[in-house]
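# Descriptive structure summary
Listed here are the chains, written in short residue letters.
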Amino acid sequence: MEKRKKLYQLAGPIFIEVLLFMLLGIADIFMLSQFDDRAAGAVGAANQIIANLNLVFAIISAGTAVLVAQNIGARRTQEVEKISAISLIVNLLIGLIISISMIFAGEYILTKMGVTSDLMKYASEYIEIVGGVLFFQALLSPLIAIIRSHGYAKQGMMITVAMNVINILGDAIFIFGLFGAPILGVKGVAIATTFSRIVATVAAFIFLFKKLLPVTIFSHLKEKPMKVLKKLFKVGFPAAMENMSYNVSQTVIMSIILINLGELPYITRTYVWTIGWSVMLFSIAIGQASQIMIGQLVGANQIDAAYKTGINNLKISMLITTLGSIVIFFFGSFFMSLYTDNPKIILLGSSILMIDAFLEPGRNFNVVLINSLRGTGDVIFPVVMAIISMWGVAVLGGYFFGVVLGYGLPGIWVGLALDEWIRGICMLLRWRSRKWTKKVMVHSN
């Protein structure tokens, strides 16, 4: 009962945080869909690139989350400070390099993805503004990881609330010209999104130094930081590679849709993807809470408690995901009509959502158990399975069913569903094997 209470205490605020963070993307897509379907599709394409770049920041952030949680469990305060300082400085440097690259090469990357000329005028405008200040997201990523790993999920939620309020208000003002503001469309959405992330980053820094760690943490940079950096990469690189493989494979699938099926299926995919991921909000929250809980438990050498926690969290998440899948199966047309009044998009999207209802429970295994494995430091197995299944089943399978056999977007979604279920079952078997007990990097004294 105590573990379940802690799950709810962590997962509840994380759920709200993830929900509101997703609203950053959903608000952009929804409001732009009222402005122009092509603008919505263009921002979807640009956000795919930005999502991939955010995963570069996640290399350090993923390692930070695991090592901070395990060291908190082992009660090693100095090590927590050192890890936090190094992760922030390294991510800032990486973020600055990427931001400069997006300003000068963003449009070139969009062209190579297969973005059409009709979409390009919107997509390039968005990626230049949002991508140009991605170094703020580079800082925000480890900041939130540090705050959560200390157990302050509610404070992370409040930061995200502020970020989303600013973002959504900015979207409305610049898309619809409220309060006499100029109608800027995609440029306005980009400005609102960027400003909201800047505010969130500043707020996270204030909380970190006021409540959790002293500003003097950066003095640890003199204490042979390469040893800590090596640990961060040892955990973070494979963990980020799993997510990166997923996002890059989705980018390839998006290009397959654009090149072989056209703009209408691609726009449909953008809306369906948003609706499908909303089903996973509880699973994402439970998965991230599970990583924190299990990281602290294995750091304290409570292996049996960690195993049972992972299984119990999975059961709770699966129940919620199944209920959500039933809803989108029967009410797909209604959800699609919230985004567009194009009957072709609504018809195609509602049929895809019926397939997606079977995909989501499989994805639930991956979301919860991969985070649980990550909390123990077991990060190699998920990335190996990601490379094999995502590319061999999701990409190749989706291309085979959707393009070669001619089933279009429904065929591509079948490939995606098969990938999620194959990987999900493998993750469950891995957790039950307890091989992850050999991967723990920190133990209590």
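Residues numbered from 1 in each chain as written. Predicted model: local features only at pLDDT ≥ 70, side-chain atom pairs only at ≥ 80, totals over all residues. Heavy atoms only, no water.

### With respect to the overall build of the chain
Applicable threshold: Going along the chain from the N terminus, every DSSP run of H or I of four or more residues is numbered as a helix, and every run of E of two or more is numbered as a strand. Every radius of gyration here is taken over C-alpha atoms, with the globule rule written as 2.2 Å times N^0.38, N being the number of residues. Only heavy atoms matter for contacts: two residues are in contact if any of them lie within 4.5 Å across the pair. Only the protein chains shown count as cover for residues, and all accessible areas are computed by the Shrake-Rupley method using a 1.4 Å probe.
Counting its regular elements, the chain contains 15 helices and zero strands. Relative to the globule expectation of 22 Å for 445 residues, the C-alpha radius of gyration of the chain, 21 Å, shows essentially globular dimensions. Seen through its principal axes, the chain has C-alpha atoms that stretch 65 × 45 × 35 Å. In the chain, the share of contacts with a sequence separation of at least 24, taken over all contacts with a separation of at least 6, comes to 85%. Of the roughly 18,000 Å² of accessible surface on the chain, 69% is carried by carbon and sulfur atoms.

### Overview of the packing of helix 10 (residues 281–299) against helix 13 (residues 343–376)
The condition is simple: Only the stretch in contact is used when a helix axis is fitted, and all axes are lines through C-alpha atoms; the angle between N-to-C directions ranges over 0 to 180 degrees. The scheme is simple: roughly parallel for angles under 35 degrees, roughly antiparallel for over 145, roughly perpendicular for 65 to 115, oblique for anything else. In a left-handed crossing the near helix is turned counterclockwise from the far helix by less than a right angle, and in a right-handed crossing that turn is clockwise.
Following both chains from N to C, one finds helix 10 and helix 13 inclined at 20°, their axes separated by 7 Å at the closest point. Taken together, helix 10 and helix 13 sit at an angle that is classed as roughly parallel. Judged by the twist between their axes, the crossing of helix 10 over helix 13 is right-handed. Every residue of helix 13 that contacts helix 10 at Ser 283, Ile 284, Gly 287, Gln 288, Ser 290, Gln 291, Ile 294, Gly 295 and Val 298 is listed here: Asn 364, Val 367, Val 368, Asn 371, Ser 372, Arg 374, Gly 375 and Thr 376.

### Quick notes on a positive patch on the surface
To keep it simple, the criterion reads: Residues forming no salt bridge and having over 30% relative accessible area are the ones grouped into patches, like charges within 9 Å of each other and nonpolar side chains (Val, Leu, Ile, Met, Phe, Trp, Tyr) within 5 Å. Any carboxyl oxygen of Asp or Glu within 4 Å of a side-chain nitrogen of Lys or Arg constitutes a salt bridge here. Two residue types count as positive, namely Lys and Arg, and two as negative, namely Asp and Glu; His and chain ends fall outside the count. Charge placement uses NZ in Lys and CZ in Arg. For Asp and Glu, CG and CD serve respectively. Type-normalised accessible area, obtained with a 1.4 Å probe on protein chains alone, sets the label of each residue: buried when under 20%, exposed when over 50%, and partly exposed for intermediate values.
Judged by side-chain charge, Arg 76, Lys 224, Lys 227, Lys 230, Lys 231, Lys 234, Lys 435, Lys 438 and Lys 439 come together as a positively charged surface patch. Among the structural elements, Lys 230 can be located in helix 8 (residues 225–261). For Lys 230, a relative accessible area of 65% puts it in the exposed group.

### Details of the pattern of salt bridges
For the structure shown, the criterion picks out five salt bridges. Between Glu 360 and Arg 363 there is a salt bridge, with its nearest N and O atoms 2.7 Å apart. With Glu 360 and Arg 363 both in helix 13 and three residues apart, this pair spans about one turn of that helix. The same class applies to Glu 360 and to Arg 363, which are both buried. A salt bridge links Arg 423 to Asp 419, with the shortest nitrogen-to-oxygen separation between them at 2.9 Å.

### Examining helix 4 (residues 117–132)
The condition is simple: Expected span of a helix, by definition, is 1.5 Å for each gap between consecutive residues, and there is one gap fewer than residues.
For helix 4, with 16 residues, the first-to-last C-alpha span of 22 Å sits near the 22 Å given by 1.5 Å per residue. When we look at burial in helix 4, the residues that qualify are Leu 119, Met 120, Tyr 122, Ala 123, Ser 124, Tyr 126, Ile 127, Val 130, Gly 131 and Gly 132.

### Remarks on a nonpolar patch on the surface
On the surface, Phe 30, Leu 319, Leu 323, Ile 326, Val 327, Phe 330, Phe 331, Phe 334 and Leu 338 cluster together into a nonpolar patch covering about 910 Å² of accessible area. Structurally, the position occupied by Phe 331 is in the loop between helix 11 (303–330) and helix 12 (332–337).

### Section: the environment of Gly 375
Within the secondary structure, Gly 375 is located in helix 13. In this structure, the C-alpha to C-alpha distance between Gly 375 and Ala 306, residues 69 residues apart in sequence, is 9.6 Å. Apart from the residues lying within four places of it in its own chain, the contact partners of Gly 375 are Val 66, Gln 70, Gln 291, Ile 294, Gly 295 and Val 298.

### Digging into the packing of helix 11 against helix 13
Just so we agree on the cut-off: Amino acid classes used here: Ala, Val, Leu, Ile, Met, Phe, Trp, Tyr, Cys and Pro are nonpolar; Asp, Glu, Lys and Arg are charged; the rest, including Gly, are polar.
Direction vectors running N to C along helix 11 and helix 13 enclose 160°, while the axes themselves pass 9 Å from each other. As summarised for this structure, helix 11 and helix 13 are arranged roughly antiparallel, according to the angle between their axes. Remark: the crossing between helix 11 and helix 13 carries right-handed chirality. In this structure, helix 11 uses Gly 310, Asn 313, Leu 314, Ser 317, Met 318, Thr 321, Ser 325, Ile 328 and Phe 329 to contact helix 13, whose residues at the interface are Leu 353, Met 354, Asp 356, Ala 357, Phe 358, Glu 360, Pro 361, Asn 364, Phe 365, Val 368, Leu 369 and Ser 372. Split by residue class, the contact of helix 11 with helix 13 holds 12 nonpolar, seven polar and two charged.

### Overview of the packing of aromatic side chains
Stated formally: Two aromatic rings, drawn from Phe, Tyr or Trp (for Trp, its six-membered ring), form a pair once their centres lie within 6.5 Å of each other, and the interplanar angle then sorts them: stacked below 30 degrees, edge-to-face above 60, tilted otherwise. The criterion for a charge sitting over a ring is simple: Lys NZ or Arg CZ within 6 Å of the ring centre, and within 35 degrees of the ring normal.
Here the structure, examined in full by the defined rule, presents 13 aromatic pairs. Measuring from ring centre to ring centre gives 4.3 Å for Trp 431 and Trp 436, while their planes differ by 15°; the resulting arrangement is stacked. Classification of Trp 436 by relative accessible area gives buried; the value is 0%. Directly above the ring of Trp 273 sits Arg 269, whose terminal nitrogen or CZ lies 4.9 Å from the centroid. One cation-aromatic arrangement involves Arg 434 over Tyr 307; the distance from NZ or CZ to the ring centre is 4.0 Å.

### Focus on the nonpolar core
Basically, it comes down to this: Residues belong to a common nonpolar core when they are buried Ala, Val, Leu, Ile, Met, Phe, Trp, Tyr or Cys residues joined through side-chain atoms within 4.5 Å.
In terms of nonpolar packing, the biggest core is built from 80 residues, with Leu 32, Tyr 126, Tyr 266, Met 336 and Trp 413 touching the most fellow members. Take this core: its biggest share by element is 10 residues, from helix 2 (residues 37–73).

### Observations regarding unusual backbone geometry
With phi around 65°, Asn 301 is a residue other than glycine that occupies positive phi space. Tracing the sequence through the fold places Asn 301 in the loop between helix 10 and helix 11. We note that Arg 434 has phi near 60°; this positive angle belongs to a residue other than glycine. Here Arg 434 shows up in the segment after helix 15 (408–433).

### Things to note about the confidence of the model for the chain
Formally: One number per residue, pLDDT, summarises how confident the predictor is, and it ranges from 0 to 100.
Chain-level statistics for the chain give a pLDDT mean of 84 and a share of 94% at 70 or above. Ranking the helices and strands of the chain by mean pLDDT puts helix 15 first, with 95, and helix 1 (residues 2–35) last, with 68.

### Section: the side chain of Ser 325
Secondary-structure assignment places Ser 325 in helix 11. Owing to a relative accessible area of 4%, Ser 325 belongs among the buried residues under this scheme. When sequence neighbours within four positions are dropped, the list of residues in contact with Ser 325 reads Val 279, Ala 357, Glu 360 and Pro 361.

### A short note on the environment of Val 252
Mapped onto the elements, Val 252 comes out in helix 8. What makes Val 252 partly exposed here is its relative accessible area of 30%. Sequence separation of Val 252 and Ser 84 is 168 residues, and the distance between their C-alpha atoms is 34 Å. Not counting the four nearest positions on each side in its chain, Val 252 is found in contact with Trp 391 and Val 395.

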